[in-house]
Amino acid sequence: VDGAAAQLQNGTHTYDFVQNDIIELRVDGAGMDLYRRRGSTRTKLADNLADISTVNNSATIATLFTGENGAMGNHYRGALRVHRVGTTLSVVNRLNIELYLRGVVPSEVPGSWHPEALKAQAIAARSYAVATRSASGIYDVHSDTRSQMYLGIEHEEASTTAAVVATAGKAARYNGSVITAFFSSTSGGR
């Protein structure tokens, strides 16, 4: 926790953390155990959890694991939800698409591009996310090139955020349906 405080919630139970606490989850038995490390003291807070979520404060939590996007130590908007999946833990960032795109657009194209190009990229990224999202499972899209690169708050830029805001809710459509707007920043303009 690198902000002033953070909270995790499981059902109706809330767990409070303060700055410099380390939140530790470990697979154990059929669930996962929750620990708080404060300095050299490690305290078990809960056991046998199936999942647990941040309470709209994930931006105060730096990840201490490497995500599928290759990032470690990043912050993410929205909520982080940890699920027990077999013998591993899966961390899912739950947020609305407009906040998601703030971390996608600058991860896919340089923020120095012309504002209209950034708007086109925002629309393409939004369209691609909507058209390809998974209807089953615990998450909609991957945070790497299997879907779109999504690197969180550290990679947001004012220029790309402006493009996302200016195009909010706009998606490319054909015959009334959102298209899978494939794109590549290295395709030579094709």
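Residue numbering note: each chain is counted from 1, following its sequence as written. Given that this is a predicted model, residues contribute local features only at a pLDDT of at least 70 and side-chain atom pairs are listed and counted only at 80 or more, while totals for whole chains, interfaces and linings are drawn from all residues. Excluding hydrogens and water, the side-chain values take into account all heavy atoms of the structure.

(A) Just the sheet that holds strand β2 (residues 13-18), in detail. The five strands are arranged β2-β1-β6-β7-β8 in an open sheet whose pairing can be described as antiparallel. Each edge of the open sheet carries a strand with a single partner, namely β2 and β8 (88-94). Across the sheet, the mean angle separating the axes of adjacent strands is 25° when strand polarity is ignored. The pairing of strand β1 (residues 5-10) with strand β6 (residues 51-54) spans two bridges and is classified as antiparallel. What sits directly across from Gln 9, in β6, is Ser 53. By definition, two strands form a pair when at least two bridges between them are found by DSSP. A run of H or I in DSSP becomes a helix once it reaches four residues, and a run of E becomes a strand once it reaches two; helices and strands are each numbered from the N terminus. Axis definition: a line fitted to C-alpha atoms, limited for helices to the stretch in contact. Angles are taken between N-to-C directions and run from 0 to 180 degrees.

(B) Highlighting the pattern of salt bridges. By salt bridge we mean one thing: a side-chain nitrogen of Lys or Arg within 4 Å of a carboxyl oxygen of Asp or Glu. This model, assessed by the stated rule, comprises 13 salt bridges. The shortest N-O distance in the salt bridge between Arg 38 and Asp 21 comes to 2.8 Å. Remark: Asp 21 occurs in the loop between β2 and β3 (22-28) and Arg 38 occurs in strand β4 (residues 31-38); sequence separation between them is 17 residues. Between Arg 42 and Glu 24 there is a salt bridge, and its shortest N-O distance comes to 3.7 Å. A residue pair is termed long-range when its members are at least 10 positions apart, and Arg 42 in strand β5 (residues 41-49) and Glu 24 in strand β3 qualify at 18 residues. For each residue, the accessible area found with a 1.4 Å probe, counting protein chains only, is set against the maximum for its type, and the residue is called buried under 20%, exposed over 50%, and partly exposed in between. Arg 42 sits in the partly exposed class, given a relative accessible area of 43%. Residue class for Glu 24 comes out buried when judged on its relative accessible area of 10%. Shared partners join several salt bridges into a network, and the residues in it are Glu 24, Arg 26, Arg 37 and Arg 42.

(C) A look at the nonpolar core. Grouping buried Ala, Val, Leu, Ile, Met, Phe, Trp, Tyr and Cys residues that are joined through side-chain atoms within 4.5 Å yields what is termed a nonpolar core. Membership of the largest hydrophobic core comes to 17 residues, with the highest contact counts inside it found for Tyr 76, Tyr 100, Leu 101, Val 104, Val 105, Tyr 150 and Val 164. Looking at this core, the elements that each hand over two or more residues are α1 (97-108), α2 (115-132) and α3 (158-166). When near neighbours in sequence (up to four residues on either side) are disregarded, Tyr 76 contacts Ser 58, Ala 59, Thr 63, Asn 69, Ala 71, Asn 93, Tyr 150, Leu 151, Gly 152 and Ile 153. Among the nonpolar cores identified, the runner-up in size contains 12 residues, and Phe 17, Leu 34, Ala 46 and Ile 61 belong to it. Here, two residues are considered to be in contact whenever any of their heavy atoms come within 4.5 Å of each other.

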